[in-house]
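# Topology and contacts: notes
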Amino acid sequence: MAAVICGSLAFDTIMTFEGRFAEQILPEQLHILNVSFLVPALRRDFGGCAGNIAYGLKLLGGEPLPMATVGSDGYGYIARMQSLGISTEYVREVDETYTAQAMIMTDRDNNQITAFHPGAMMHAHVNRIDARPDVKLGIISPDGREAMVEHAGQFAAANIPFVFDPGQGLPMFDGRELATFIDQATWVTVNDYEGKMLCERTGWAPAQVSQRVEGLVVTLGHDGCEVWIRGEKTVVPAVKAHEVVDPTGCGDAWRSALLYGLEQGWTLERCARLGNQVGAIKIASRGPQNYTLDGLRRARQPADPLSQTR
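Each residue is numbered by its place in its chain's sequence as written, counting from 1. Only residues with pLDDT of 70 or above have their local features reported here, since the model is predicted, and side-chain atom pairs are shown and tallied only from 80 upward, although totals for entire chains, interfaces and linings are computed over all residues. The side-chain values count all of the structure's non-hydrogen atoms but skip hydrogen atoms and water molecules.

## A word on the pattern of salt bridges
- When a carboxyl oxygen of Asp or Glu is within 4 Å of a side-chain nitrogen of Lys or Arg, the pair counts as a salt bridge. Counted by the stated rule, this structure contains 14 salt bridges.
- In this structure, glutamate 23 and arginine 20 form a salt bridge, with 3.5 Å as the shortest nitrogen-oxygen distance.
- When salt bridges that share partners are traced, they join Arg20, Glu23 and Asp109 into one network.

Take a look at the structure:
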């Protein structure tokens, strides 16, 4: 079974600020903000939501089909995915553009400031989702605005169940548009901040959102997550990380586990528990696509399906 992962492929430039943003930004001076941060550590990683989710799903033993666009500089990303055994049949190259670029700065408290250049991502709507026998599942993650709208409609038209995961793309949509996404989707995932914005714009409480889909998950970082089904909430506790190194890509690692569990027919609560485990493993590694799941497999019994994954 394959999962179509709609979203971005991006190069992430990761910078580390050794202080705290809160100590450098004066709330009473926000109207004339002019700050500079010394970042002694800098690296460049493969990233983007579609790439990160596909990476994690492949580690778990799933078959990801990332649907995304790259620019004329994206050949290295395509080659890397192919080397990992990830299909690139739905990855399109767009000439005369750059691959999407994210500049992410993290402080000592793991707060982040991100600047994002969409580049080729703005052409993502040229890709199209059609029904095919091996595709049983999909996800709409942050992407070009037009692509998110069109791909959600195409999933619905093809009768492919999908997760609506708007992420940082949520502010692009008003309440009516978000309501349409929810009514087309099978599941919805948001973090705590996004969840509050989603509820504010639609006028629906989390319980009401969960009545319109098979399940809603609100991730809460180190507090775990809330799983809402038919108006009832279950709190799934967090898994303590062995070490907190880099939060970049933790949400995407969590969603890769969600897709894996849904492919297996697991309950949403069981999917969330696996997501919390994978997120805790990812946060102990630098970069969104540099972790392994060897520790997870060692903790599993042979009878568990994950013990047989690659």
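## Observations regarding the state of the cysteines
- In this description, a disulfide is simply a cysteine sulfur pair whose atoms lie within 2.5 Å. Here the structure, examined in full by the defined rule, presents 0 disulfides.
- Here cysteine 49 stays unpaired: no disulfide links it, and the sulfur of cysteine 6, its closest cysteine neighbor, is 12 Å away.
- Residue class for cysteine 49 comes out buried when judged on its relative accessible area of 8%.
- Counting only cysteine sulfurs, cysteine 225 is the nearest neighbor of cysteine 199, a cysteine outside any disulfide, at a range of 16 Å. In this scheme, a residue with accessible area under 20% of its type's maximum is buried, one over 50% is exposed, and one in between is partly exposed, where area comes from a 1.4 Å probe on protein chains only.

## Examining helix α9 (residues 268-282)
- A rise of 1.5 Å per residue sets the reference length of α9, with its 15 residues, at 21 Å; its end C-alpha atoms lie 21 Å apart and thus fit the reference within 8%.
- Under the DSSP-based scheme used, a helix requires at least four consecutive residues in state H or I and a strand at least two consecutive residues in state E, with every element numbered from the N terminus. Regarding α9, the residues found buried are Leu268, Cys271, Ala272, Leu274, Gly275, Asn276, Val278, Gly279, Ala280 and Lys282. Multiplying 1.5 Å by the residue count of a helix minus one yields the expected span of that helix.

## Focus on the environment of alanine 50
- Counting through the fold element by element, alanine 50 comes out in helix α2 (residues 49-60).
- Between the C-alpha atoms of alanine 50 and proline 142, which are 92 residues apart in sequence, the distance is 8.4 Å.
- Should any heavy atoms of two residues lie within 4.5 Å, those residues are considered in contact. Non-local contacts of alanine 50, meaning those with residues more than four positions away in its chain, are made with Ile5, Cys6, Gly7, Ser8, Leu9, Pro66 and Ser141.

## What to know about the packing of helix α8 (residues 250-264) against α9
- Lines fitted to the C-alpha atoms define the axes, with helices restricted to the stretch that makes contact. Angles between their N-to-C directions range from 0 to 180 degrees. Look at α8 against α9: their axes get within 7 Å of each other, and the N-to-C directions meet at 145 degrees. Taken as a pair, α8 and α9 cross one another with a handedness that is right-handed. Of the residues in α9, those in contact with Cys250, Ala253, Trp254, Ser256, Ala257, Leu258, Tyr260, Gly261 and Leu262 of α8 are Leu268, Cys271, Ala272, Leu274, Gly275, Asn276, Val278, Gly279 and Lys282.
- Under the convention adopted here, Pro, Cys and the residues Ala, Val, Leu, Ile, Met, Phe, Trp and Tyr are nonpolar, Asp, Glu, Lys and Arg are charged, and Gly plus all remaining residues are polar. Grouping the amino acids of the contact of α8 with α9 by side-chain chemistry returns 12 nonpolar, 5 polar and 1 charged. Handedness of a crossing follows from how the near helix is turned relative to the far one, being left-handed for an anticlockwise turn of less than a right angle and right-handed for a clockwise one.

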